[in-house]
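# Structure assessment
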Amino acid sequence: MNLTLKIWRQKDAKAKGGIQTYQIADVDPDMSFLEMLDVLNEGLVEKGEEPVVFDHDCREGICGTCSLQINGEPHGPDRGVTTCQLHMRKFKDGDTIVIEPFRAKAFPVIKDLIVDRSAFERIQQAGGYVSVNTSGNTQDANSIPIEKEKADAAFFAATCIQCGACVAACKNASAMLFTSAKVSQYALLPQGKVEATKRVLDMVEQMDKEGFGNCTNTGACEIECPKGISLENIARMNREYLKASVV
Amino acid sequence: MAKSALLKSSLAKKYWMAFTGLFLCVFLVGHLAGNLQLLVSGEGARDQFNEYALFMTTNPVVRILSIVTFVSILFHAIDGVILTINNRKARPQGYVSFRPSTNSTWSSRNMGILGTVILAFIVIHLVNFWGEMKFGGLDNTMYTTANGDEVKDLYSLTIMTFQDPEWGLVWAFGYLIAMIAIAFHLYHGFGSGFQSLGLNHPQYNSIVRKIGVAFAIIVPLLFAIIPFYIYFVLETI
Ligand code: HEM
Ligand code: FES
């Protein structure tokens, strides 16, 4: 298939940047979206032009490194997949595809389609851990009984791959889905209860400091999340935070 | 830390938004119950409504509730404006192509605009009725009810406003527009308020959602019927 690509090009963090249009021919419908960009880049390199810079690592939908706002949606029109798992068969011959970086004040563009998502890292560092004594006498985790429902919900929250699609999709560039998934995965488990109060206060404080927006409960994040992280987590974070603030 | 967390943090703003918003939902039901008495016709109607208005302006519990309502509207509006501005700032550079309609409702994305329409309505509404009642020229039209209470005749003011041959329908349509704004505001807001307060449970979510949609349709609809009923159906006074 033949496609028109409108891609955001930006030399560096300070440059203004803008959309550039490229034609690409003979795209195989079985290619992934990133493979299609690889083909485009090979062509650009052959012509002596700068290739389009984009983030990727595992290319199997588990690392959360790939990003891209494709035709106005993070990770493109398909549901429940990352950009690396999006296939070109989702598009039609002759389509125009607009490709932009994730946009948020807290995710500044580094170059072309790559943004700096280290704000997520700092939120995680603010409290997304449990303190465990690892000096050789670590307890077997399975010796602590956990309700099946809670274990499942914690595991589901922990499937968040920190890609940032929630922020990209949100009209407010809010990071509540991400932060709440990280709060939830610990808050639900006995090991995480010990530090629960401080965790939620610190993580929300960091989230606010990074300049993310607030949550209007539009639900866009949940729908665009490649892992289907649920809004239930945001409600849980709201409860945890309320509890932590009053006591 | 904990104290400032309940005032300044992003989540605190949402708690206040949800708390005041849901309180205003309760207020709407109370207000509607009062307004529906305007559908009664005959001379008894004037007495009933004016006695009710007298009760609403003198009863101490109602007075406290009305102060809480005013404060809630103020808080809700100011907080709403702050949130909307902060949220815009969180994405200084927008997308060339953004398709939010694929993942969210129009109402949920336009709460600020809907709120502004509602606020404009509340101001006009207060000037027309509450202001007249409290400070205005209604003193000239004192009315004595069957019980012998001498009251400001809010009933006649309301009926004459909406039966005015030139402006009655204009007021009624303005009122309708405001009620449509409230309907859309609550179509998202009702359920959203529960979520903001952390009240989300898989077993009850769909019920809350359904009650919210029903509330968003029924309450503004009943409000909106009244001025048209007064204009088209009720005998002129
Ligand atoms: C009858 C009057 C009103 C009622 C019953 C009402 C109710 C609500 C409710 C229940 C919510 C959801 C709260 C949440 O998501 O946690 C809400 C949100 C909102 N309201 Fe109102 N509201 C009213 C008037 C207003 C006014 C006058 C404004 C003026 C600006 C306003 C602005 C907003 C905004 C901006 C939001 C969304 C905030 C956000 O989540 O980002 N509302 N309202
Ligand atoms: S590259 Fe790892 S998830 Fe897409």
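Per an unreviewed UniProt entry, chain B is named Succinate dehydrogenase, and its organism is Salinimicrobium marinum.

An unreviewed UniProt entry lists chain A under the name Fumarate reductase iron-sulfur subunit, from Salinimicrobium marinum. Looking at chain A in UniProt, the text filed under Sequence similarities (unreviewed entry) is "Belongs to the succinate dehydrogenase/fumarate reductase iron-sulfur protein family."

Okay, the UniProt feature "transmembrane region" (unreviewed entry) in chain B next. The residues that UniProt annotates with the feature "transmembrane region" (unreviewed entry) are residues 65-85, 111-131, 169-190 and 211-234 of chain B. Annotated as residues 65-85 of chain B, this span is 100% helix and 0% strand, and its ends, taken at the C-alpha atoms, are 30 Å apart.

So, about the site of ligand 1. Around ligand 1, a shell composed of 24 residues is seen, among which B:Lys14, B:His76, B:His185, B:Ser192 and B:Ser196 lie nearest. Surrounding ligand 1 is a set of residues that belongs to chains A and B. B:His76 places a polar side-chain atom, nitrogen or oxygen, 2.8 Å from a nitrogen atom of ligand 1. Between ligand 1 and the protein, one listed contact pairs an oxygen atom with a side-chain N or O atom of B:Ser196 at 2.6 Å. Those elements giving two or more residues to the shell around ligand 1 turn out to be helix 2 (10-35), helix 4 (60-89), helix 6 (111-134) and helix 8 (168-196) of chain B. Top element by residues in the shell around ligand 1 is helix 2 of chain B. It accounts for 7 residues. Of the residues contributing to the shell around ligand 1, the split by class is 10 nonpolar, 13 polar and 1 charged.

Looking now at the interface of chain A and chain B. Contact residues are listed per partner, giving 51 residues for chain A and 37 residues for chain B. Buried area between chain A and chain B, both sides added, is near 3,600 Å², and the carbon and sulfur share of it is 54%. Looking only at chain A, the three residues that lose the most surface to chain B are A:Arg103, A:Asn214 and A:Asn217, adding up to 16% of its buried area. Across the pair A:Glu73 and B:Arg99 runs a salt bridge whose closest N-O atoms are separated by 3.8 Å. Between chain A and chain B we count 29 residue pairs in polar contact (both at pLDDT 80 or more) in total. Elements represented by at least two residues in the side of chain A that touches chain B include exactly strand 5 (96-100), helix 4 (165-169), helix 7 (196-209), helix 8 (220-224) and helix 9 (232-246) of chain A. Here the side of chain A that touches chain B takes 11 residues from helix 9 of chain A, the largest share from any one element.

The next point concerns the sheet that holds strand 3 (residues 69-70) of chain A. All names here are of chain A. Across the sheet, 5 strands lie side by side as 2-1-5-3-4; this open sheet has mixed pairing. Two strands close off the open sheet at either side, each with one partner strand: strand 2 (18-24) and strand 4 (73-74). Of the strand pairs in this sheet, strand 3 and strand 5 are connected by 2 bridges, and their pairing is antiparallel. Residue pairing across strands places Gln-69 opposite Glu-100, the latter belonging to strand 5.

All right, on to the environment of B:Arg63 then. Residue and element names in this part refer to chain B. Residue position: Arg-63 is located in helix 4. A relative accessible area of 41% places Arg-63 in the partly exposed class. Setting aside residues no more than four positions away along its own chain, Arg-63 makes contact with Thr-57, Thr-58 and Lys-134.

Here we take up the packing of aromatic side chains. Centre distance and the angle of the planes are the two values used to describe a pair of aromatic rings. One pass over the full model with this rule turns up 20 aromatic pairs over all chains. Each ring, one from B:Phe129 and one from B:Phe162, has its centre 6.2 Å from the other, and the planes form 35 degrees; the classification is tilted. Here B:Phe129, found in helix 6, pairs with B:Phe162, found in helix 7 (residues 154-163); they are 33 residues apart in sequence, far enough to count as distant. An aromatic cluster is present here, built from A:Phe107, A:Phe120, A:Phe178 and A:Phe212 joined pairwise through their rings. One Lys or Arg, A:Arg103, reaches over the ring of A:Trp8 and ends 4.3 Å from the middle of that ring.

Residue and element names in this part refer to chain B. One way to put it is that helix 8 packs onto helix 9 (residues 205-232) with a least axis distance of 8 Å and a crossing angle of 170 degrees. One element, helix 8, and the other, helix 9, form an angle in the roughly antiparallel class. Grouping the constituent residues of the contact of helix 8 with helix 9 by class yields 24 nonpolar, 3 polar and 1 charged.

Time to look at the environment of B:Phe232. Assignment of secondary structure puts B:Phe232 in helix 9. Separated by 69 residues in the primary sequence, B:Phe232 and B:Gln163 have C-alpha atoms spaced 8.3 Å apart.

What follows covers the domain arrangement of chain A. Residue and element names in this part refer to chain A. Taken as a whole, chain A is organised into domain 1 (3-111) and domain 2 (117-132 + 144-246). Between the C-alpha centres of domain 1 and domain 2 there is a distance of 28 Å. When the area that domain 1 buries against domain 2 is broken down by residue, the three leading residues are Pro-74, Ala-106 and Phe-107, summing to 34%. Viewed at the interface, domain 2 and domain 1 are joined by 2 salt bridges. The salt bridge involving Asp-55 is made with Arg-117; its shortest N-O contact spans 3.0 Å. Our enumeration of links across domain 1 and domain 2 arrives at 5 residue pairs in polar contact (both at pLDDT 80 or more). A breakdown of the residues in the side of domain 1 that touches domain 2 according to their chemical character gives 9 nonpolar, 9 polar and 5 charged.

Conventions we followed
The residue numbering used here restarts from 1 in each chain and proceeds along that chain's sequence as written. A letter from A marks each chain and a number from 1 marks each ligand, given out in the order of writing. In keeping with the predicted nature of the model, local features appear solely for residues at pLDDT of at least 70, side-chain atom pairs appear and are counted solely at 80 or more, and the whole-chain, interface and lining totals rest on all residues. With hydrogens and water set aside, each side-chain value is computed from the structure's full complement of heavy atoms. UniProt positions are given in the numbering used here, feature names are shortened, and annotations may be inferred rather than shown by experiment. Only DSSP runs of H or I reaching four residues or more are called helices, and only runs of E reaching two or more are called strands; each is numbered from the N terminus. Throughout, near means a residue has at least one heavy atom within 4 Å of the molecule or strand. In the analysis that follows, any N or O atom pair within 3.5 Å is treated as a polar contact, provided that within protein one partner can donate a hydrogen and the other can accept it, and provided that, for residues neighboring in sequence, both atoms belong to side chains. Gly is placed with the polar residues, together with every amino acid not listed as nonpolar (Ala, Val, Leu, Ile, Met, Phe, Trp, Tyr, Cys and Pro) or charged (Asp, Glu, Lys and Arg). Should any heavy atoms of two residues lie within 4.5 Å, those residues are counted as being in contact. By buried area we mean the combined loss of accessible area, with a 1.4 Å probe, across both parts when two parts are placed together. Every case where a carboxyl oxygen of Asp or Glu lies within 4 Å of a side-chain nitrogen of Lys or Arg is listed as a salt bridge. Strand pairing is assigned whenever DSSP detects at least two bridges linking the two strands. Using a 1.4 Å probe on the protein chains alone, a residue whose accessible area is under 20% of its type maximum counts as buried, one over 50% counts as exposed, and one in between counts as partly exposed. Paired rings are identified among Phe, Tyr and Trp, the last through its six-membered ring, by centres lying within 6.5 Å, and are further divided according to the angle between planes into stacked (under 30 degrees), edge-to-face (over 60) and tilted (the rest). A ring is considered to have a charge above it if a Lys NZ or an Arg CZ atom is located within 6 Å of its centre and within 35 degrees of its normal. Note on method: axes are straight lines fitted to C-alpha atoms, helices fitted across the in-contact stretch only, with angles between N-to-C directions ranging 0 to 180 degrees. Roughly parallel here means an angle under 35 degrees, roughly antiparallel means over 145, roughly perpendicular means 65 to 115, and every remaining angle is called oblique. In this document the domain limits rely on a domain assignment from an automatic tool or a database.

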